[in-house]
Amino acid sequence: MRTILKAENLQKTYRVGSVDVHALRGVSLDVEEGDFLAIMGPSGCGKSTLLHLFGGLLTPTAGRIVIDDEDLTAATDAQRTDIRRRKIGFVFQRFNLFPTLSADGNLRLAERIHAGSNGAGNAERRREVLTLLQLEDKMHHKPLEMSGGEQQRVALARAVVTSPAIILADEPTGNLDTENSAIVLNMFQEMNYRFNQTIIMITHNPEAAAMCRRIIQMRDGQIVAPNVVVQI
Ligand SMILES: Nc1ncnc2c1ncn2[C@@H]1O[C@H](COP(=O)(O)OP(=O)(O)O)[C@@H](O)[C@H]1O
Ligand SMILES: [Mg+2]
């Protein structure tokens, strides 16, 4: 087993006017390659802040993050952006697809962002991922021509198409009904099994968490239960 993400004593304090909000109060976590991890905890406990730190969208007030052997916290802004492009796939609650592009177009855009503007895309890989997500007949559809569940599957396809070291998902089923949630969660699990894809997923849904290999519980900016192993 290889550690693909290492977080050491992460702290994040937001300054709001003259008030300090301590969103993270010393979070340490090791994530192994191929893990599928759920982060749970009450609203406001720091889950999204932690995920944004892992993805290099925010910088910690103190502490250290190493992703796939690269130190995110020692990096400059430009280096951090580069690490994010090469190593991270994001899936958000709002699907954040490009509305004027087809499903395949959204994946091509992700490939270009990943590899730089003159990077070649991989049509075969795109087709493989879209087929695995049962979207092959939606390849040329635009987001508004798809259901919420289909759009979220495109967002997942976009996140995995570049084979990122880690997928970070912030309440990916938060906007979906029960049926679509189940489909999307099954796809996450499939990505984890089939490609040994490492996934960290914030969720409020105990059924979603039960599909993960491990659950960590947060409260008040700290991890209170770091290693609830789920029997699948
Ligand atoms: N950009 C921000 N500026 C100020 N406070 C913030 C900001 N983002 C989050 N917070 C605060 O930090 C705490 C943790 O927020 P968040 O990480 O979004 O929690 P969660 O995702 O668990 O609901 C909350 O008290 C929230 O109000
Ligand atoms: Mg949140």
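Rules behind the numbers
- Residues numbered from 1 in each chain as written.
- Chains lettered and ligands numbered in written order.
- Predicted model: local features only at pLDDT ≥ 70, side-chain atom pairs only at ≥ 80, totals over all residues.
- Heavy atoms only, no water.
- Axes fitted to C-alpha atoms, helices over the stretch in contact; angles between N-to-C directions.
- Helix = DSSP H or I, 4+ residues; strand = E, 2+ residues; numbered from the N terminus.
- Parallel < 35°, antiparallel > 145°, perpendicular 65-115°, else oblique.
- Left-handed = near helix turned anticlockwise from the far one by under 90°.
- Contact = heavy atoms within 4.5 Å.
- Nonpolar A, V, L, I, M, F, W, Y, C, P; charged D, E, K, R; others polar.
- Salt bridge = Lys/Arg side-chain N within 4 Å of Asp/Glu carboxyl O.
- Buried < 20%, exposed > 50% of the residue type's maximum accessible area, 1.4 Å probe, protein only.
- Near = heavy atom within 4 Å.
- Polar contact = N/O pair within 3.5 Å; in protein donor to acceptor, adjacent residues only side chain to side chain.
- Expected span 1.5 Å × (residues − 1).
- Core = buried A, V, L, I, M, F, W, Y, C linked by side-chain atoms within 4.5 Å.
- Pairing = 2+ DSSP bridges.

S.K.: Help me get a handle on the packing of helix 3 (residues 103-115) against helix 5 (residues 148-160), residues and values and all.
M.R.: For the pair helix 3 and helix 5, interaxial distance at closest approach is 9 Å and the crossing angle is 30°. With respect to helix 5, the element helix 3 is oriented roughly parallel. The two elements helix 3 and helix 5 meet at a crossing, and its hand is right-handed. Contacts between helix 3 and helix 5 involve Ala103, Asn106, Leu107 and Ala110 from the former and Val154, Ala157 and Arg158 from the latter. Split into classes, the residues belonging to the contact of helix 3 with helix 5 amount to five nonpolar, one polar and one charged.

S.K.: Residues and numbers for the pattern of salt bridges, please.
M.R.: This structure, assessed with the given rule, holds 19 salt bridges. As a salt-bridge pair, Arg2 and Asp69 come within 3.3 Å of each other at their nearest N and O atoms. Here Arg2 is found in the segment before strand 1 (3-16), whereas its partner Asp69 is found in the loop between strand 4 (62-67) and strand 5 (70-71), with 67 residues between them in sequence. Glu150 is paired through a salt bridge with Lys138; the nearest N and O atoms lie 3.7 Å apart.

S.K.: Any details on unusual backbone geometry? Residues and values, ideally.
M.R.: What you tend to see is this: most non-glycine residues have negative phi, and most peptide bonds are trans. Of note, the phi angle at Asp68 is positive, near 50°, even though the residue is not glycine. Inspection of the secondary structure puts Asp68 in the loop between strand 4 and strand 5. Residue class for Asp68 comes out buried when judged on its relative accessible area of 18%. Positive phi outside glycine occurs at Asp69, with the angle close to 70°. Taking the relative accessible area as the measure of exposure, Asp69 reaches 63% and is therefore exposed.

S.K.: Talk me through the site of ligand 1; I want residue IDs and the actual numbers.
M.R.: Around ligand 1 sit Tyr14, Val16, Val21, Ala23, Pro42, Ser43, Gly44, Cys45, Gly46, Lys47, Ser48 and Thr49, and those are all the residues in its vicinity. Gly44 has a polar backbone atom sitting 2.7 Å from an oxygen atom of ligand 1. Note that an oxygen atom of ligand 1 is positioned 2.8 Å from one of the side-chain N or O atoms of Lys47. Elements represented by at least two residues in the shell around ligand 1 include exactly strand 1, strand 2 (19-32) and helix 1 (47-54). Ranked by residues supplied to the shell around ligand 1, first place goes to helix 1 with three residues. Taken together, the residues that form the shell around ligand 1 break down as six nonpolar, five polar and one charged.

S.K.: Account for helix 5, naming residues and giving values.
M.R.: Between its first and last C-alpha atoms helix 5 spans 18 Å; for 13 residues at 1.5 Å apiece the expected length is 18 Å, and the two agree. Where burial is concerned, most of helix 5 is hidden: 12 out of the 13 residues are buried.

S.K.: Kindly report on the nonpolar core, identifying the contributing residues and their values.
M.R.: Counting residues in hydrophobic clusters, the biggest one holds 38 residues, and the most contacted among them are Leu133, Leu156, Ile167, Phe188 and Met201. Breaking this core down by element, the ones donating at least two residues are strand 3 (36-40), helix 3, helix 4 (123-132), helix 5, strand 7 (166-170), helix 6 (178-195), strand 8 (198-202) and helix 7 (206-210). Looking at which element gives the most residues to this core, the answer is helix 5, with six residues. With sequence-adjacent residues up to four places away left out, Leu133 is seen in contact with Arg153, Leu156, Ala157, Met187 and Met191.

S.K.: Give a detailed account of the sheet that holds strand 2, specifying residues and quantitative values.
M.R.: Taken in spatial order, the four strands line up as 2-1-4-5 in an open sheet, and their pairing is antiparallel. This sheet does not close on itself; its edge strands, each paired only once, are strand 2 and strand 5. Helix-sheet contacts for helix 1 involve strand 1, strand 2 and strand 4, and the interaxial angle to strand 1 is about 120°.

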